[in-house]
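Below are the chains, spelled out letter by letter.
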Amino acid sequence: MKKKILAAAAAAVLTISLAGCASNNAAYLSGIKASGYAEPCDYSAIPVEEAAPSVSDAYVDSMVQYQLSSSATTEEVTDRDVVEDGDIVNIDYTGTKDGEAFDGGSAEGYDLTIGSGSFIDGFEDGLKGHKVGEEVRLHGLRKAINKIQQKVVPELTDEWVAQQSIDGVATTEEYKDYVYQQLMKQAQSSYDSEVQSKIAQYMVDNSTYKKDPPKEMIDRLSESMKTYYTKYAQQYGMELDDFLKTFMNADEDNPEQVITDNATDSAKELLVLKVIADKENLNPSRTEFNTQLSNYAAQAGYSSVDEFKEAEDAEAVRESMMMQNVLEFLQKKAVVTEPSSDSAEEASTDTTTEEASTEAAEEDASGTDAR
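### Notes on the packing of helix 8 (residues 286–300) against helix 10 (residues 314–333)
Next, step 1: Viewed as axis vectors pointing N to C, helix 8 and helix 10 meet at an angle of 120°, and their least axial separation amounts to 10 Å. In terms of orientation, helix 8 and helix 10 fall into the oblique class. Where helix 8 crosses over helix 10, the handedness of that crossing is right-handed. Contact with helix 8, carried on its side by E288, F289, Q292, L293 and Y296, involves A314, V317, R318 and M321 of helix 10 and no other residues of that element.
Next, step 2: When grouped by side-chain class, the residues that make up the contact of helix 8 with helix 10 number six nonpolar, one polar and two charged.

### Quick notes on the pattern of salt bridges
Next, step 1: One pass over the full model with this rule turns up eleven salt bridges.
Next, step 2: The residue R80 makes a salt bridge to D87 at a minimum N-O spacing of 2.7 Å.
Next, step 3: Looking at D87, the relative accessible area reads 1%, which means it is buried.
Next, step 4: Between E135 and R137 there is a salt bridge, with its nearest N and O atoms 3.5 Å apart.
Next, step 5: On the basis of relative accessibility, which here comes to 47%, the residue E135 falls in the partly exposed class.
Next, step 6: If you follow the salt bridges from partner to partner, you end up with R80, E84 and D87 in one network.

### Some thoughts on unusual backbone geometry
Next, step 1: With a phi close to 55°, N249 is a non-glycine residue in the positive phi region.
Next, step 2: Phi is positive for N281, close to 60°, though the residue is something other than glycine.
Next, step 3: Take N281: it is sitting in the loop between helix 7 (257–280) and helix 8.
Next, step 4: The exposed category is assigned to N281, whose relative accessible area is 68%.

### Section: the pairing of strand 7 (residues 141–152)
Next, step 1: Where strand 3 (residues 73–76) lies against strand 7, four bridges are found, and the strand directions are antiparallel. Directly across from T74, in strand 7, lies its bridge partner K151.
Next, step 2: One ladder, built from eight bridges, connects strand 4 (residues 88–97) with strand 7; its direction is antiparallel. Looking at strand 7, one finds that D92 is bridged to A144.
Next, step 3: Pairing of strand 6 (residues 135–138) with strand 7, which is carried by four bridges, proceeds in the antiparallel orientation. Counted as the bridge partner of E135 is A144 from strand 7.

### Some points on the packing of aromatic side chains
Next, step 1: Applying the stated criterion to the full structure yields 17 aromatic pairs.
Next, step 2: When the ring of F119 is compared with that of F123, the centres are 4.3 Å apart and the planes differ by 20°; the resulting orientation is stacked.
Next, step 3: Accessibility expressed as a relative area gives 22% for F119, which makes it partly exposed.
Next, step 4: Given the relative accessible area of 2%, F123 is considered buried.
Next, step 5: Arranged with centres 5.3 Å apart and planes meeting at 90°, the rings of W160 and Y175 form a pair that is edge-to-face. Here W160, found in helix 3 (residues 158–163), pairs with Y175, found in helix 4 (residues 172–206); they are 15 residues apart in sequence, far enough to count as distant. There is no split in this pair, since W160 and Y175 are both buried.
Next, step 6: Grouping aromatic residues by their ring pairs yields a cluster made of Y228, Y229, Y232, Y236, F243 and F247.
Next, step 7: Here the basic side chain of K211 rests over the ring of Y37, its NZ or CZ set 4.5 Å away from the ring centre.
Next, step 8: Geometry around Y28 places R220 over its ring, the cationic atom sitting 4.0 Å from the centre.

### Details of helix 8
Next, step 1: The terminal C-alpha atoms of helix 8, which comprises 15 residues, lie 21 Å apart, in line with the 21 Å expected from a rise of 1.5 Å per residue.
Next, step 2: Turning to helix 8, its buried residues number three or more, namely F289, L293 and A297. Considered in projection along helix 8, the buried side chains sweep an arc of 70° and stay on one side of the axis. Of the exposed residues in helix 8, the ones pointing more than 90 degrees away from its buried face are T287, A298 and Q299.
Next, step 3: Summarising the contacts, the buried residues of helix 8 are in contact with helix 9 (305–311) and helix 10.
Next, step 4: Downstream of helix 8 by a residue or two, G301 has a phi angle that is positive, lying close to 85°.

What counts, and at which threshold
- Residues numbered from 1 in each chain as written.
- Predicted model: local features only at pLDDT ≥ 70, side-chain atom pairs only at ≥ 80, totals over all residues.
- Heavy atoms only, no water.
- Axes fitted to C-alpha atoms, helices over the stretch in contact; angles between N-to-C directions.
- Helix = DSSP H or I, 4+ residues; strand = E, 2+ residues; numbered from the N terminus.
- Parallel < 35°, antiparallel > 145°, perpendicular 65-115°, else oblique.
- Left-handed = near helix turned anticlockwise from the far one by under 90°.
- Contact = heavy atoms within 4.5 Å.
- Nonpolar A, V, L, I, M, F, W, Y, C, P; charged D, E, K, R; others polar.
- Salt bridge = Lys/Arg side-chain N within 4 Å of Asp/Glu carboxyl O.
- Buried < 20%, exposed > 50% of the residue type's maximum accessible area, 1.4 Å probe, protein only.
- Pairing = 2+ DSSP bridges.
- Phe/Tyr/Trp six-rings, centres within 6.5 Å; stacked < 30°, edge-to-face > 60°.
- Lys NZ or Arg CZ within 6 Å of the ring centre and 35° of its normal.
- Expected span 1.5 Å × (residues − 1).
- Arc of directions from axis to C-beta.

The following block contains the structure:
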């Protein structure tokens, strides 16, 4: 979990807005000479262990099924009139307190899936076994059952595929191959990110640093990381300190020190990659930089690049572009090998809760050959 959050923070830290920051100081690469801080190690053939991207047949099938489920419709049940678990029941209900209906406690024509847990305990179970047309009273609630429906998932047919209007995809086999190609693109993107993350860490661990990164740079990155981690903590309903201690192995007495430590590593990464960018002519050109700013401005809804620059941290965008150029350059030179069985087992334990549902299909595919 910690590894995943660190990687995400490192990727996000340079794109978090810090409006109004000046670029002519030591907080940014543009305000210093990176070679005065870092001397890169040999980067001609960086060793990296990472499993090649692959997508199993089971994963393709699960994604196809997910897409079919997304196209599901509801149909009225006509061969029975008794509510069962899993039914979608259309109801009118009224909640009362002291015999009087209260605001927000009533609805008409509401579709409720029995077993979904959408309502208070007993609400859904209180409908099971009752018939269409019945009025059910329970815990101050009056419920009238209008009809019973069921979710109908379409089958994978050429007709269904045609309805998806995907260019060049007309048959079920073509659709499966299309899904496979999309998943492979995602797998390749994840693979590239992992390889580049390991390359960056290798450079930080093995390069020589003539002096510590500027305090201003560390402070800037720390502030960005703190913003990122705070948002992440809120998703878990946690305070920042508790989040850092739980997921980042932060010190009990000074949990935010982990942010400073990570920001220091990020500053070292920036410095050493900048030295390589200067040496290998990998800095973004003025045209490339302005084009990227224009794209970002349009995506964010700004009327002009100048407006974007006033509100966002354009200099951080330049740094991010430089880093990407260098990491792609180093990846082409890297010697990437399949991980040992021990390494693969260790990596498999580093799966976040958010990824678990998506990766379950691949985990269930043990013994199924990848395409």
